[in-house]
Amino acid sequence: MYSQDRRQMRQPFIDAWQKACALRPMTALELKISDVIRQHPEYHQLLENPELALARDWPPEQGETNPFLHLGFHLSIREMVDIDQPAGFKQAYAALCQKTGDALSAEHRIMDCLSEALWRAQRDNTPPDGAALLDCLNASLANAGR
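Since we're looking at a predicted model, the values are computed, not measured.

Rules of the game
Residues numbered from 1 in each chain as written. Predicted model: local features only at pLDDT ≥ 70, side-chain atom pairs only at ≥ 80, totals over all residues. Heavy atoms only, no water. Helix = DSSP H or I, 4+ residues; strand = E, 2+ residues; numbered from the N terminus. Rg over C-alpha atoms; globule rule 2.2 N^0.38 Å. Buried < 20%, exposed > 50% of the residue type's maximum accessible area, 1.4 Å probe, protein only. Contact = heavy atoms within 4.5 Å. Areas by Shrake-Rupley, 256 points an atom, 1.4 Å probe, with all protein chains shown as cover. Lys, Arg positive; Asp, Glu negative; His and termini not counted. Charge placed at Lys NZ, Arg CZ, Asp CG, Glu CD. Expected span 1.5 Å × (residues − 1). Polar contact = N/O pair within 3.5 Å; in protein donor to acceptor, adjacent residues only side chain to side chain. Axes fitted to C-alpha atoms, helices over the stretch in contact; angles between N-to-C directions. Parallel < 35°, antiparallel > 145°, perpendicular 65-115°, else oblique. Phe/Tyr/Trp six-rings, centres within 6.5 Å; stacked < 30°, edge-to-face > 60°. Salt bridge = Lys/Arg side-chain N within 4 Å of Asp/Glu carboxyl O.

Participant: Please explain the overall build of the protein as it appears in this structure.
Facilitator: When helices and strands are tallied, the protein shows eight helices and zero strands. Against the globule reference of 15 Å for 146 residues, the protein gives a C-alpha radius of gyration of 16 Å, in line with a compact fold. For the protein, the spread of C-alpha atoms along the three principal axes comes to 40 × 30 × 30 Å. Buried residues in the protein amount to 36% of all 146 residues. By sequence separation, contacts in the protein at least 24 residues apart represent 59% of the contacts at least 6 residues apart. For the protein, the exposed area adds up to about 8800 Å²; of that, 53% sits on carbon and sulfur atoms. Charged side chains of the protein number 15 positive and 20 negative; the gap between the two group centres comes to 2 Å.

The structure is reproduced here in structure tokens:
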């Protein structure tokens, strides 16, 4: 799903949501996407207006979260769990789910760690540091419920 074209990256989310709402058959990836969208009702109206969704910007300096980035993080986290990468991620995820009470809350905490890992990798022009990501997850686990 990687591309430099913003519209091309956003279209699968719109297509999956349209298919889910119309109860049309979906691919495995579309099912995953629609499941994440279903858990985020705050994005439903936007995704039901494709032209706005494809054209709009969410500059970080305005303090708004880009819905496509947010939904994409959920998909990435779930894929990391499925393949247990970095090794130990699946176990840390399960523990955080148990501690927070649900997967969505755990994933929202993990996003902070994943964002940090990706920012550092981009800044340092290196691959993401899996060990640092797991350290962050473990710290989040220790602070969960506080």
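Participant: Sorry if this is basic, but what is going on with helix α5 (residues 67-83) here?
Facilitator: What sets the pattern is the α-helix's 3.6 residues per turn: residues three or four places apart point alike. In this model, α5 (17 residues) spans 25 Å end to end at C-alpha, consistent with the 24 Å of a helix rising 1.5 Å per residue. Of all 17 residues that make up α5, twelve are buried, and the element is covered over most of its length. Its side-chain oxygen placed 2.8 Å from the backbone nitrogen of Phe 68, Asn 66 serves as the N-cap of α5. One or two residues past the end of α5 sits Asp 84, with phi positive at roughly 50 degrees.

Participant: Mind showing me how you'd approach the packing of helix α1 (residues 6-21) against helix α2 (residues 28-38) here?
Facilitator: Helix packing for two helices is described by the angle between their axes and how far apart those axes are. Running from N to C, α1 and α2 point in directions that differ by 80 degrees, and their axes come no closer than 9 Å. Compared by their axis directions, α1 and α2 come out roughly perpendicular. Between α1 and α2, the contacting residues are Pro 12, Phe 13, Ala 16, Trp 17, Lys 19 and Ala 20 on the first element and Glu 30, Ile 33, Ser 34, Ile 37 and Arg 38 on the second.

Participant: Just checking my understanding: could you explain the packing of aromatic side chains for this structure?
Facilitator: We describe a pair of aromatic rings using the distance from one ring centre to the other and the angle between the two ring planes. Applying the stated criterion to the full structure yields two aromatic pairs. A centroid spacing of 5.7 Å and a plane angle of 70 degrees characterise the contact between Phe 13 and Phe 68, whose relative ring orientation is edge-to-face. Here Phe 13 is found in helix α1, whereas its partner Phe 68 is found in helix α5, with 55 residues between them in sequence. When sorted by exposure, Phe 13 lands in the same class as Phe 68, which is buried.

Participant: Please explain the environment of Ala 87 as it appears in this structure.
Facilitator: If you trace the backbone, Ala 87 turns up in the loop between α5 and α6 (89-100). By relative accessible area, Ala 87 is classed as exposed at 57%.

Participant: Explain the pattern of salt bridges to me, please; I cannot follow it from the model alone.
Facilitator: Pairing between side chains of opposite charge can happen when their charged atoms approach one another. According to the stated counting rule, one finds nine salt bridges in the structure shown. Close ionic contact of Asp 35 with Arg 78 constitutes a salt bridge, the shortest N to O distance being 3.1 Å. You can see Asp 35 sitting in helix α2 and its partner Arg 78 sitting in helix α5, a full 43 residues away along the chain. Salt-bridge contacts for Arg 56 lead to Glu 64; the nearest nitrogen and oxygen are separated by 2.8 Å.

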